[in-house]
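Residue-level listing of the chains:
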Amino acid sequence: MAEVLARVREIKLFIDGHYRASSENKTFEVYNPATQELIANVHEATKEDVDRACQAARRAFEEGPWRTMTVKERCAKVRRMAEIIMERREELARLEALDVGKPFSVAYEFEIPRAAHNLSFFADFIEHHPSEMYPMEEEFLNYTRYEPVGVAALITPWNLPFMLTTWKLGPCLATGNTAVIKPAEPTPLTVSLLGEIAKEAGIPDGVVNVVQGFGPNSTGEFMTTHPEVDLISFTGETSTGKAIMKNGADTLKRVSFELGGKAANIVFEDADLDKAIPTSIRAAFLNSGQVCLAGSRILVQRSIFDEFVDRFAAAARQLKVGDPQDSNTNMGPLVSKEHYEKVTSYLQIAESEHSTLICGGKRPELTEYLKDGYYLEPTVFVQEDPHARICQEEIFGPIVTLIPFDTEEEALQIANSTQYGLNGVVWTDNLQRAHRVASKVRAGTIWVNCWFVRDLRVPFGGFKKSGIGREGGHHSLEFFTEAKTICLALR
Ligand code: NAD
């Protein structure tokens with residue numbers, strides 16, 4: 001671990017194929033959320049640095065060879081990045097656990113392999129993408145080319161830093177665009193290594209640039225207003241999406257937004273609770289509830305409500321909260337002091353709204369080593385009023401609210417009552433009801449009797465204020481390419 005850490009003590013900007021210091025030598029600090037220990041000093045990209053990164057990405061796009069090399073050649077390099085990620089799997093998982101506070105086992109088993117798959121999947125997908133041809137009798141032939149758009153700004157949040165960045169970088173690179181990446185300021189470690197990984201994979205200088213810094217009036221805003229940036233792929237809060245859209249409007253940037261969520265996890269009385277409860281626990285507390293797809297509102301039919309509450313709370317109490325690096329840990333701390341304060345403020349809000357606390361709601365008892373970490377026990381409330389703030393607002397922490405309902409219509413009304421529409425979950429043994437409810441919940445993904453399962457070819461994104469556009473398979477391809485029609489006279 002010490003050796004791994006030594007490599008990221010000082011994080012520089014990766015611009016035009018080289019790590020370099022901030023032009024004003026500005027740095028900020030990053031802490032381990034489990035202990036508050038300093039992990040790294042990070043160089044903050046100034047306006048000049050962002051300009052340098054965008055100009056490098058523009059040159060690499062215009063002058064090649066990235067855009068002009070064969071798809072096969074380009075995708076081989078993207079696939080090589082995926083291989084290097086798997087070769088460095090343990091190191092990347094250790095760093096992700098350290099930086100975000102997530103259990104090492106989750107990063108190692110799921111997120112780092114998925115990050116590698118994000119790259120190899122899009123390399124395969126684009127390499128085998130069929131071209132369209134429409135002959136018009138014997139006289140004309142129409143065909144379509146999908147060409148890269150240009151320089152992409154990829155801006156990502158702190159909850160799944162490496163996984164979400166590669167999810168954007170895979171289709172961006174495989175289609176021939178160049179990228180300026182900005183990870184979130186509390187969690188820059190793993191994404192900072194993408195520069196050297198790209199270089200080792202043979203990706204030309206300037207194609208992948210990584211800048212570090214904050215959002216408003218800082219690195220993020222400099223990117224989204226930069227004239228050389230053609231498109232912005234952003235994942236983060238709904239309010240940030242609005243600011244980015246305004247900032248990108250003057251230069252008419254193409255945007256793809258994956259924003260917040262407040263999923264309804266609906267449990268009908270005929271559900272198999274032996275499956276629904278453990279999966280709902282995972283949906284509520286994975287990554288300390290810091291997941292956009294978290295099932296943070298659990299709507300339970302009244303006839304089974306009391307049984308569900310008892311069994312759910314008993315399972316929540318069983319979760320082992322502790323050191324993210326320990327392989328027995330189920331739940332780590334929250335990501336930062338600022339976020340801890342936001343999440344714990346909902347404990348008072350819940351109380352003022354007369355929610356009933358079933359379990360949690362305080363700092364767990366932990367070892368001396370973790371005494372300063374941003375920990376909160378898995379917390380369960382019952383709230384009858386679905387319009388209470390804890391039922392409407394994205395808390396993004398280990399706080400879940402159980403809401404009773406009587407009829408299917410009522411469940412649908414509650415499910416659709418928030419500004420969000422990212423995803424939903426339905427638990428029932430009744431096939432007709434499953435389809436009926438799935439078709440009426442206004443959200444981009446509905447899981448029936450499961451959660452967080454995905455084929456990367458399917459569209460992913462949000463209804464309402466949960467996003468604009470879709471990612472995945474040909475949906476990502478559409479975002480990262482310009483379709484060009486060529487019509488050829490055959491006589
Ligand atoms: P955030 O919006 O605060 O920050 C995300 C990124 O945007 C960071 O890199 C930040 O520095 C940058 N940023 C902030 N203001 C900016 C500005 N004005 N201009 C340019 N960049 C700016 O989000 P967060 O707190 O890092 O992440 C949590 C949020 O992300 C939650 O709302 C969660 O639901 C959402 N999220 C959504 C998905 C999804 O797929 N829909 C996935 C993960 C997280």
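Owing to the predicted nature of the structure, the values given are computational and were not obtained by experimental measurement.

## Describing the UniProt feature "domain: Aldehyde dehydrogenase" (unreviewed entry) in the chain
As annotated in UniProt, the feature "domain: Aldehyde dehydrogenase" (unreviewed entry) corresponds to residues 22-486 in the numbering used here. The span residues 22-486 is 41% helix and 20% strand, and its two end C-alpha atoms sit 45 Å from each other.

## Looking at unusual backbone geometry
Cis rather than trans, the peptide bond between Gly-64 and Pro-65 has omega equal to 10°. Mapped onto the elements, Pro-65 comes out in the loop between helix H2 (47-63) and helix H3 (71-87). Notably, Asn-25 is not glycine yet its phi reads approximately 55°, a positive angle. Looking at the secondary structure, you find Asn-25 in the loop between strand E3 (18-20) and strand E4 (27-31). According to the relative accessible area criterion, Asn-25 is exposed, its value standing at 54%. Phi angles above zero are rare outside glycine, and Phe-452 is one such case at about 60°. Secondary-structure assignment places Phe-452 in the loop between strand E20 (445-448) and strand E21 (463-464).

## Examining the site of the ligand
What surrounds the ligand is a group of 30 residues, the closest being Lys-182, Glu-185, Thr-240, Leu-259 and Glu-394. Note that an oxygen atom of the ligand is positioned 2.7 Å from one of the side-chain N or O atoms of Glu-185. Within the backbone of Glu-237, a nitrogen or oxygen atom sits 2.8 Å from an oxygen atom of the ligand. For the shell around the ligand, the residue count by class is 15 nonpolar, 9 polar and 6 charged. Per-domain counts for the shell around the ligand show at least three residues from each of domain 1 (1-259 + 466-487) and domain 2 (264-448).

## Considering the environment of Arg-433
By the element assignment, Arg-433 lies in helix H16 (residues 431-440). Sequence-wise, Arg-433 and Leu-488 are 55 residues apart; in three dimensions their C-alpha atoms are separated by 51 Å. When residues no more than four places from it in sequence are discounted, the contact partners of Arg-433 are Phe-268, Asp-270, Glu-408, Thr-428 and Ala-438.

## A word on the pattern of salt bridges
Tallied over the entire structure, the rule returns 36 salt bridges. Among the ionic pairs, Arg-457 bridges to Asp-455, the shortest N-O distance being 2.5 Å. Judged by its relative accessible area of 32%, Asp-455 is partly exposed. Connected via shared salt-bridge partners are Arg-58, Glu-62, Glu-228 and Asp-230.

## Here we look at the UniProt feature "active site" (unreviewed entry) in the chain
Taking the numbering used here, the UniProt-annotated feature "active site" (unreviewed entry) corresponds to Glu-258. Along the chain, Glu-258 turns up in strand E12 (residues 254-258). Once residues lying within four places of it in the same chain are set aside, the contact partners of Glu-258 are Phe-234, Thr-235, Gly-236, Leu-422, Phe-460, Gly-461, Gly-462, Ser-466, Gly-469, Arg-470 and Glu-471.

## Structural notes on the environment of Arg-470
The topology assignment puts Arg-470 in the loop between strand E22 (467-468) and helix H17 (473-480). For Arg-470, a relative accessible area of 25% puts it in the partly exposed group. Once residues lying within four places of it in the same chain are set aside, the contact partners of Arg-470 are Glu-258, Gly-444, Pro-459, Phe-460, Gly-461, Gly-462, Phe-463, His-475 and Ser-476. Among the polar contacts listed, one links the side chain of Arg-470 to the backbone oxygen of Gly-462, at a separation of 3.2 Å.

## Concerning the pairing of strand E13 (residues 264-267)
Side chains Ala-264 and Ile-266 project from E13 onto one buried face, and the interleaved Asn-265 and Val-267 project onto a second face that is buried too. Bridge count for E13 against strand E14 (residues 297-301) is 4 bridges, and the pairing is parallel. When the bridges of E14 are listed, Asn-265 appears paired with Ile-298. A crossover links E13 with its parallel partner E14, the connecting element being helix H11 (residues 273-285), and its sense is right-handed. Two strands pair when backbone bridges link them, and E13 and strand E19 (residues 423-427) are joined in this way by 4 bridges, in the parallel orientation. Opposite Val-267, over in E19, you have Trp-427 as the bridge partner.

## Structural notes on the domain arrangement of the chain
Domains assigned within the chain are domain 1 (1-259 + 466-487) and domain 2 (264-448). On a C-alpha basis, the centroid separation for the pair domain 1 and domain 2 is 31 Å. In this assembly, 28 residues from domain 1 lie in contact with 27 residues from domain 2. Interface area for domain 1 against domain 2, summed over the two sides, is near 2200 Å², with a carbon-plus-sulfur share of 55%. Contact with domain 2 buries area across many residues of domain 1, yet Ala-34, Trp-158 and Ser-466 alone supply 25% of it, more than any other trio. Counting across the interface, domain 1 meets domain 2 through 0 salt bridges. Where domain 1 touches domain 2, the interface holds 10 residue pairs in polar contact (both at pLDDT 80 or more). Going through the elements one at a time, helix H4 (89-100) and helix H5 (104-127) are the ones with two or more residues in the side of domain 1 that touches domain 2. Tallying contributions element by element places H4 first for the side of domain 1 that touches domain 2, with 5 residues. Residues belonging to the side of domain 1 that touches domain 2 are distributed by class as follows: 13 nonpolar, 9 polar and 6 charged.

## Describing the pairing of strand E9 (residues 178-182)
When you tally the buried positions in E9, you get 5 out of 5 residues, the bulk of the element. The alternating pattern of E9 places Thr-178, Val-180 and Lys-182 on one face and Ala-179 and Ile-181 on the opposite face, and all of these are buried. Of the pairings in the sheet, the one linking strand E8 (residues 151-155) to E9 comprises 5 bridges and is parallel in character. Each bridged residue has a counterpart across the sheet, and for Ala-152 the counterpart in E9 is Ala-179. In terms of handedness, the path from E8 via helix H6 (residues 161-174) over to E9 forms a crossover that is right-handed. As paired elements, E9 and strand E10 (residues 208-210) share 3 bridges and run parallel to each other. By the bridge assignment, Ala-179 is partnered in E10 with Val-208.

Here is what the cut-offs are and how they apply
- Residues numbered from 1 in each chain as written.
- Predicted model: local features only at pLDDT ≥ 70, side-chain atom pairs only at ≥ 80, totals over all residues.
- Heavy atoms only, no water.
- UniProt positions renumbered as here; feature names shortened; annotations may be inferred.
- Helix = DSSP H or I, 4+ residues; strand = E, 2+ residues; numbered from the N terminus.
- Buried < 20%, exposed > 50% of the residue type's maximum accessible area, 1.4 Å probe, protein only.
- Near = heavy atom within 4 Å.
- Polar contact = N/O pair within 3.5 Å; in protein donor to acceptor, adjacent residues only side chain to side chain.
- Nonpolar A, V, L, I, M, F, W, Y, C, P; charged D, E, K, R; others polar.
- Domains from an automatic or database assignment.
- Contact = heavy atoms within 4.5 Å.
- Salt bridge = Lys/Arg side-chain N within 4 Å of Asp/Glu carboxyl O.
- Pairing = 2+ DSSP bridges.
- Right-handed = clockwise from strand over helix to strand, strands pointing away.
- Buried area = accessible area lost by both parts, 1.4 Å probe.

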